[in-house]
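If you want the building blocks of each chain, they are given just below.
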Amino acid sequence: MSDEDAEKQAALEEAGRLLFAKECRFITGAVSMESLPPMGAPEIAFAGRSNVGKSSLINALTGRNHLARASNTPGRTQQINFFDLDQRLTLVDLPGYGYAEAPKDQIARWTAFVNDYLRGRQSLRRACVLIDSRHGLKENDLEVMTMLDKAAVPYQIVLTKADKIKPSALNSLTTKILDDIKRRPAAFPQIIATSSEAGLGIAQLRAALTALTKEEEDSR
Ligand code: GDP
């Protein structure tokens, strides 16, 4: 990274720190297209297999301990949860997928609802597809990425639990995933490795998401 790029990145990380230090408020849990909240600030959706560390990551980003916990309680797992961050960004917690024991009709409902949301939401700017560093891309991650490609929603791979594997393994996983996503039209060619536990990559992810709000605000 050149000195100039490093300076830009540091400024963006500082802007990200400030934005994510603002109050983050639960707006609503939507169970159908009719119950989605009105569109407002740019939306960032978080998708991932259940247990990937999605709640932990949203909590680490916002510096809250329990913000995204509601999404994990049984019965609320099929909701799309919306969180307002200072009216500048809306964080969208999509229901986790890939429960081994989930009934087929529940999976079909999840897919239909999430698909409708992804295709129809004009305020949706990016999806973060969370991948467990220990497991890499699984079949259902690929299905979700295909859904995003078809819906033309730009998405970014975010590795979770990076503290669980060696830096060398993290490097080869990143290289492999970058190669796997090369031909996917909506995939963003940059991967952020995070650990909610160790605080790794959190500032970088905040900066990447804050850059989206800046682009938006500058274009107004
Ligand atoms: P969700 O189902 O995707 O919302 O996943 P959770 O955030 O509830 O996390 C699932 C499990 O992974 C929990 O036991 C967490 O403590 C653990 N976990 C989440 N993030 C990390 C991380 O960065 N490092 C490690 N080592 N464990 C994590």
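For the structure itself, look to the data block above.
These figures come from a predicted structure and were not determined experimentally.

Trainee: How would you sum up the environment of Ile157? Please name residues and give values.
Mentor: With respect to the helices and strands, the residue Ile157 is situated in strand E6 (residues 155-160). According to the relative accessible area criterion, Ile157 is buried, its value standing at 0%. The spacing of Ile157 and Asn115 is 42 residues in sequence and 18 Å in space, taken between C-alpha atoms. The residues touching Ile157, leaving out its near neighbours within four places in the chain, are Val129, Ile131, Met145, Ile177, Ile181, Gln190, Ile191 and Ile192.

Trainee: So, the packing of helix H1 (residues 3-20) against helix H6 (residues 202-218): which residues are in play, and what are the values?
Mentor: If you want to describe how two helices pack, look at the angle between their axes and the distance between the axes. The geometry of H1 relative to H6 is characterised by a closest axis approach of 7 Å and an angle of 85° between their N-to-C directions. Looking at the two axes, H1 sits roughly perpendicular to H6. Contacts between H1 and H6 involve Gln9, Leu12, Glu13, Ala15, Gly16, Arg17, Leu19 and Phe20 on the former and, on the latter, Ala203, Gln204, Arg206, Ala207, Leu209, Thr210, Ala211, Thr213 and Lys214. Residue classes in the contact of H1 with H6 are distributed as 8 nonpolar, 5 polar and 4 charged.

Trainee: Which residues make up the site of the ligand, and what are the values?
Mentor: Every one of the 14 residues lining the ligand counts as a neighbour, but Lys54, Ser55, Ser56, Asp163 and Ser196 are closest to it. Within the backbone of Lys54, an N or O atom sits 2.8 Å from an oxygen atom of the ligand. Here the ligand loses 76% of its free accessible area of 570 Å² to cover by the protein chains. In terms of residue class, the shell around the ligand is built from 1 nonpolar, 8 polar and 5 charged.

Trainee: A description of the packing of aromatic side chains should follow, citing residues and the corresponding values.
Mentor: For the coordinates displayed, the defined rule picks out 3 aromatic pairs. Ring geometry for Phe82 against Tyr117: centres 6.1 Å apart, planes inclined by 80°, an arrangement best described as edge-to-face. Of this pair, Phe82 sits in strand E3 (residues 80-85) while Tyr117 sits in helix H3 (residues 104-120), and the two are 35 residues apart along the sequence. A residue is classified by how much of its surface remains accessible, and Tyr117, at 0% relative accessible area, is buried. A cation over an aromatic ring shows up here: Arg126 above the ring of Phe188, its NZ or CZ 4.2 Å from the ring centre.

Trainee: Quick one: what's the story with the sheet that holds strand E2 (residues 43-48), residue by residue and with numbers?
Mentor: Pairing is mixed in the open sheet, where 7 strands are placed in the order E1-E3-E4-E2-E5-E6-E7. Of all the strands in the sheet, the pair left with one neighbour each is strand E1 (24-30) and strand E7 (192-193). The sheet contact formed by E2 and strand E5 (residues 124-132) spans 6 bridges and is parallel. Among the inter-strand pairings, Ala47 is bridged to a residue of E5, identified as Val129. Where H3 meets the sheet, its contacts fall on E1, E2, E3, strand E4 (89-93) and E5, and the angle it forms with E3 comes to roughly 35°. H6 rests against E2, E4, E5, E6 and E7 of the sheet, and its axis sits at about 170° to E5.

Trainee: Please give an account of the pattern of salt bridges that cites residues and values.
Mentor: Scanning all chains against the criterion turns up 11 salt bridges. Across the pair Asp105 and Arg109 runs a salt bridge, and its minimum N-O distance is 3.8 Å. In this pair, Asp105 and Arg109 both sit in helix H3, 4 residues apart, roughly one turn of the helix. Ionic contacts of the salt-bridge type, sharing partners, join the residues Asp132, Arg134 and Lys161 into one network.

Rules used in this analysis
- Residues numbered from 1 in each chain as written.
- Predicted model: local features only at pLDDT ≥ 70, side-chain atom pairs only at ≥ 80, totals over all residues.
- Heavy atoms only, no water.
- Helix = DSSP H or I, 4+ residues; strand = E, 2+ residues; numbered from the N terminus.
- Buried < 20%, exposed > 50% of the residue type's maximum accessible area, 1.4 Å probe, protein only.
- Contact = heavy atoms within 4.5 Å.
- Axes fitted to C-alpha atoms, helices over the stretch in contact; angles between N-to-C directions.
- Parallel < 35°, antiparallel > 145°, perpendicular 65-115°, else oblique.
- Nonpolar A, V, L, I, M, F, W, Y, C, P; charged D, E, K, R; others polar.
- Near = heavy atom within 4 Å.
- Polar contact = N/O pair within 3.5 Å; in protein donor to acceptor, adjacent residues only side chain to side chain.
- Areas by Shrake-Rupley, 256 points an atom, 1.4 Å probe, with all protein chains shown as cover.
- Phe/Tyr/Trp six-rings, centres within 6.5 Å; stacked < 30°, edge-to-face > 60°.
- Lys NZ or Arg CZ within 6 Å of the ring centre and 35° of its normal.
- Pairing = 2+ DSSP bridges.
- Salt bridge = Lys/Arg side-chain N within 4 Å of Asp/Glu carboxyl O.

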